[in-house]
Amino acid sequence: MRHLALPFYCAVIVLLLLALLARAIYTDAASFLIPFGAGIAYFTWCGVHDLRRNWPAFREEMRQRAEERQRAPMPADDTH
């Protein structure tokens, strides 16, 4: 699961910046619009880039975990 930690953190930061952007628009603090917009664009790009790079490794790890959870076949009981 460590493969998706950075994209998750980037998503949290983007949500925080979106909330700050909404607050800046609401309070007419126009001087904060460009820095918040730039931060949103940067962290969105970083999160998507890292997600696309790490998604194959994440899928492979999930496939391996699913295979480990499969039960081993029971041996036939031919003692009759």
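Located above this text is the structure these notes cover.
The rules we used
- Residues numbered from 1 in each chain as written.
- Predicted model: local features only at pLDDT ≥ 70, side-chain atom pairs only at ≥ 80, totals over all residues.
- Heavy atoms only, no water.
- Helix = DSSP H or I, 4+ residues; strand = E, 2+ residues; numbered from the N terminus.
- Bend = angle between axes of the 7 residues up to and from the residue.
- Buried < 20%, exposed > 50% of the residue type's maximum accessible area, 1.4 Å probe, protein only.
- Contact = heavy atoms within 4.5 Å.
- Phe/Tyr/Trp six-rings, centres within 6.5 Å; stacked < 30°, edge-to-face > 60°.
- Axes fitted to C-alpha atoms, helices over the stretch in contact; angles between N-to-C directions.
- Parallel < 35°, antiparallel > 145°, perpendicular 65-115°, else oblique.
- Left-handed = near helix turned anticlockwise from the far one by under 90°.
- Nonpolar A, V, L, I, M, F, W, Y, C, P; charged D, E, K, R; others polar.
- Salt bridge = Lys/Arg side-chain N within 4 Å of Asp/Glu carboxyl O.
- Expected span 1.5 Å × (residues − 1).
- Arc of directions from axis to C-beta.

Novice: If you had to explain the environment of leucine 6 to someone new, which residues and values would you point to?
Specialist: Locating leucine 6 in the fold gives a position in helix 1 (residues 5-26). Separated by 48 residues in the primary sequence, leucine 6 and asparagine 54 have C-alpha atoms spaced 9.9 Å apart.

Novice: I'd like to hear about helix 2 (residues 33-69), residue by residue, with values.
Specialist: Asparagine 54 marks where helix 2 bends most, by close to 45°; the proline proline 56 follows one to four residues later. Taken together, the buried positions of helix 2 are Phe36, Gly39, Ile40, Cys46, Gly47, Asp50, Asn54, Phe58 and Glu61. Contact partners of the buried residues in helix 2: helix 1.

Novice: Run through the packing of aromatic side chains, naming residues and quoting values.
Specialist: In the structure shown here, the tally under the stated rule is four aromatic pairs. A centroid spacing of 5.3 Å and a plane angle of 75° characterise the contact between tyrosine 42 and phenylalanine 43, whose relative ring orientation is edge-to-face. Residue tyrosine 42 is classed as partly exposed on the basis of its relative accessible area, which comes to 47%. With relative accessibility at 26%, the residue phenylalanine 43 sits in the partly exposed group.

Novice: Tell me about the packing of helix 1 against helix 2, and name the residues and values.
Specialist: Axis separation between helix 1 and helix 2 bottoms out at 9 Å; the angle between their running directions is 160°. Between helix 1 and helix 2, the angle falls in the class roughly antiparallel. Seen along the crossing, helix 1 lies across helix 2 with a hand that is left-handed. Counted together, Leu6, Pro7, Cys10, Ile13, Val14, Leu17, Leu18, Leu20, Leu21, Ala24 and Ile25 of helix 1 and Leu33, Phe36, Gly39, Ile40, Phe43, Thr44, Cys46, Gly47, Asp50 and Leu51 of helix 2 form the full contact between these two elements. Classifying every residue of the contact of helix 1 with helix 2 gives 17 nonpolar, three polar and one charged.

Novice: Give me the lowdown on the pattern of salt bridges, citing residues and values where you can.
Specialist: According to the stated counting rule, one finds four salt bridges in the structure shown. Across the pair arginine 65 and glutamate 61 runs a salt bridge whose closest N-O atoms are separated by 3.0 Å. Residue arginine 65 and its partner glutamate 61 are both found in helix 2; the two are separated by four residues, about one turn of the helix. Across the salt bridge formed by arginine 63 and glutamate 67, the nearest N and O atoms sit 2.4 Å from each other.

Novice: Describe helix 1, listing the residues and the values that go with them.
Specialist: The end-to-end C-alpha separation of helix 1 is 32 Å, in line with the 32 Å expected for 22 residues at 1.5 Å each. Residues Pro7, Cys10, Val14, Leu17, Leu21 and Ala24 constitute the buried set of helix 1. Along the long axis of helix 1, the arc covered by the buried residues comes to 90°, so they all point the same way. Exposed residues pointing more than 90 degrees away from the buried face of helix 1 are listed as Phe8, Tyr9, Leu15, Leu16, Arg23 and Tyr26.

In short, the description is geometric, and any link to function would need to be established separately.
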